[in-house]
Structures are given as structure tokens and as C-alpha cells.
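# Structure at a glance
Letter by letter, the chains look like this.
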Amino acid sequence: MKIYTKTGDKGQTSLYDGTRIDKDNIRVESYGTIDELNSYIGLCMHYINEDEKKVLFNIQRDLFYIGAELATKNTEKLNKVVTDNDIKNLENIIDKYMGEAKGLDSFIIPGTSLASAHLHIARTICRRAERIIISLSKIEKVNPMLIKYINRLSDTLYAIARYSEDKLIPMEF
């Protein structure tokens, strides 16, 4: 199987539903950033323990569905879209890891372990994805549950990163 199709050589790509759009379209930027986030979470997997790997693996699967949802205008063709249950699952993960994280009531300087440093980078990529998706939602229809999921996902990555910190360095203002 060849991976090059040559159909994008003039700066356009096909969405999941077959619609052709420019590669610099904000929709492409949104699912491209989700792809970047998914790849970075894959890197994070090399620095965490088995319990967190299971959590992040399930998130990676969700991100494939989210990428597909962003990569189509016709959501009827999709096998799965983000639902309230997906968000509740993230909230359970947040509650678990924040309950087990070392206590601190202020901002921290991120990255006192390799795992937490990578997870904090994943969190910032997630926040960028969220900003791009919100911009997309101002001009095209986006599932509000998808926006909510991405917002909650950055909190999830923060919670796991906090749990993974070797020590906490508080930031005083």
C-alpha cells in the first residue's frame, strides 16, 4: 500500500466525508492539533507507570474518535461521537488523581520529574487544541460535548502530571 496519494499536492485535503478543503483551514488545524496531542501522549506513555498507561491509552483512543469528528462535516458517517459519559469518565480520573496527588493550594512550577514535564507539555498542547476548536465552533458546527471533553482533558492531564511530580515547587505571587 502506498501512503502517498498526490491528491494533496495542490494544498487541499479530503475530510472524512469526502469534502475537499484547504490544508490551512481551521478545521484541519483543529484535528491536526488533536493528532499532535495524541502523538505526544504516546511519548508520555514511556515515562509513567502501568496504571497511568491504561488511562492514557484509553484517552488516545478517544482522541482518534475526536479527530474523526473534527475531520467531517457529516457526523452521521461516524461510529462514535463524544458524549456526556466520556466527560464523566474524565472527571472520575481527575478526582482519583487529584485525591492521590500531594497537596498544594497554589500554582506549581511544572516538571520536577520527566513524566510530569511531558504530561504538562501534553496539557498545553491540549489547551491549544481547545482554543483552535473554539475558533472553529464560531464559524462551523462543533459538538459542544467535544469542546467540553477537550477542556476536561487538559484538567485530566494536569491531574496526572501533578500526581507524577517528584516534588512540588509552589509559585508565589
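Look above for the structure.
Below you will find a few notes about this structure. As the structure is a computational prediction, the values presented were derived from the model and not from experiment.

Below, the discussion takes up the packing of aromatic side chains. How two aromatic rings sit relative to each other is set out by the distance from centre to centre and by the angle between their planes. For the structure on display, the rule yields one aromatic pair. Ring geometry for Tyr97 versus Tyr163: centroids 5.1 Å apart, planes at 70°, classification edge-to-face. Pair noted here: Tyr97 is in helix H3 (residues 84-100) and Tyr163 is in helix H5 (residues 144-164), with a separation of 66 residues, a long-range link. A relative accessible area of 1% means that Tyr97 is categorised as buried. By relative accessible area, Tyr163 is classed as partly exposed at 29%. Lying over the aromatic face of Tyr65, Lys80 brings its terminal NZ or CZ to 5.6 Å of the ring centre. Here Lys96 stacks its cationic end above the ring of Tyr97, 4.2 Å away from the centre of that ring.

Below, the discussion takes up the pattern of salt bridges. Taken as a whole, this structure holds ten salt bridges when the rule is applied. Three or more residues joined by partner-sharing salt bridges are found here, namely Arg27, Lys73 and Glu140.

With that out of the way, let us pick up the packing of helix H2 (residues 50-70) against H5. The description of two packed helices rests on the angle between their axes and on the distance between the axes. Between H2 and H5, the shortest axis-to-axis distance is 12 Å and the interhelical angle comes to 160°. As the angle between them shows, H2 and H5 are arranged roughly antiparallel. As H2 packs across H5, the resulting crossing turns out to be left-handed. In this structure, H2 contributes Glu52, Val55, Leu56, Ile59, Asp62, Leu63, Ile66, Glu69 and Leu70 to the contact, and H5 contributes Leu146, Tyr149, Ile150, Leu153, Thr156, Leu157, Ile160 and Tyr163. Tallied by class, residues from the contact of H2 with H5 come to 13 nonpolar, one polar and three charged.

Now for the nonpolar core. Counting 42 residues, the largest nonpolar core has Leu56, Ile150 and Leu153 as the members making the most contacts within it. Going through the elements one at a time, helix H1 (26-44), H2, H3, helix H4 (114-137) and H5 are the ones with two or more residues in this core. With nine residues, the single largest contributor to this core is H5. Ignoring sequence-local partners within four residues, the contact set of Leu153 consists of Leu37, Ile59, Leu63, Leu90 and Cys126.

Let's shift gears to the side chain of Ser116. Mapped onto the secondary structure, Ser116 falls in helix H4. At 3.5 Å, the side chain of Ser116 forms a polar contact with the backbone nitrogen of Thr112. For Ser116, the residues in contact, after removing those within four places along its chain, are Gly111, Ala161, Ser164 and Glu165.

Quick look at the environment of Thr112 now. Within the secondary structure layout, Thr112 lies in the loop between H3 and H4. We classify Thr112 as buried; its relative accessible area is 18%. For the pair Thr112 and Ser164, spaced 52 residues apart in sequence, the C-alpha separation works out to 8.6 Å. Here Glu165 takes part through its side chain, which lies 2.4 Å from a polar atom of the side chain of Thr112.

The rules we used
- Residues numbered from 1 in each chain as written.
- Predicted model: local features only at pLDDT ≥ 70, side-chain atom pairs only at ≥ 80, totals over all residues.
- Heavy atoms only, no water.
- Phe/Tyr/Trp six-rings, centres within 6.5 Å; stacked < 30°, edge-to-face > 60°.
- Helix = DSSP H or I, 4+ residues; strand = E, 2+ residues; numbered from the N terminus.
- Buried < 20%, exposed > 50% of the residue type's maximum accessible area, 1.4 Å probe, protein only.
- Lys NZ or Arg CZ within 6 Å of the ring centre and 35° of its normal.
- Salt bridge = Lys/Arg side-chain N within 4 Å of Asp/Glu carboxyl O.
- Axes fitted to C-alpha atoms, helices over the stretch in contact; angles between N-to-C directions.
- Parallel < 35°, antiparallel > 145°, perpendicular 65-115°, else oblique.
- Left-handed = near helix turned anticlockwise from the far one by under 90°.
- Contact = heavy atoms within 4.5 Å.
- Nonpolar A, V, L, I, M, F, W, Y, C, P; charged D, E, K, R; others polar.
- Core = buried A, V, L, I, M, F, W, Y, C linked by side-chain atoms within 4.5 Å.
- Polar contact = N/O pair within 3.5 Å; in protein donor to acceptor, adjacent residues only side chain to side chain.

Read these as layout, nothing more, since geometry by itself doesn't imply function.
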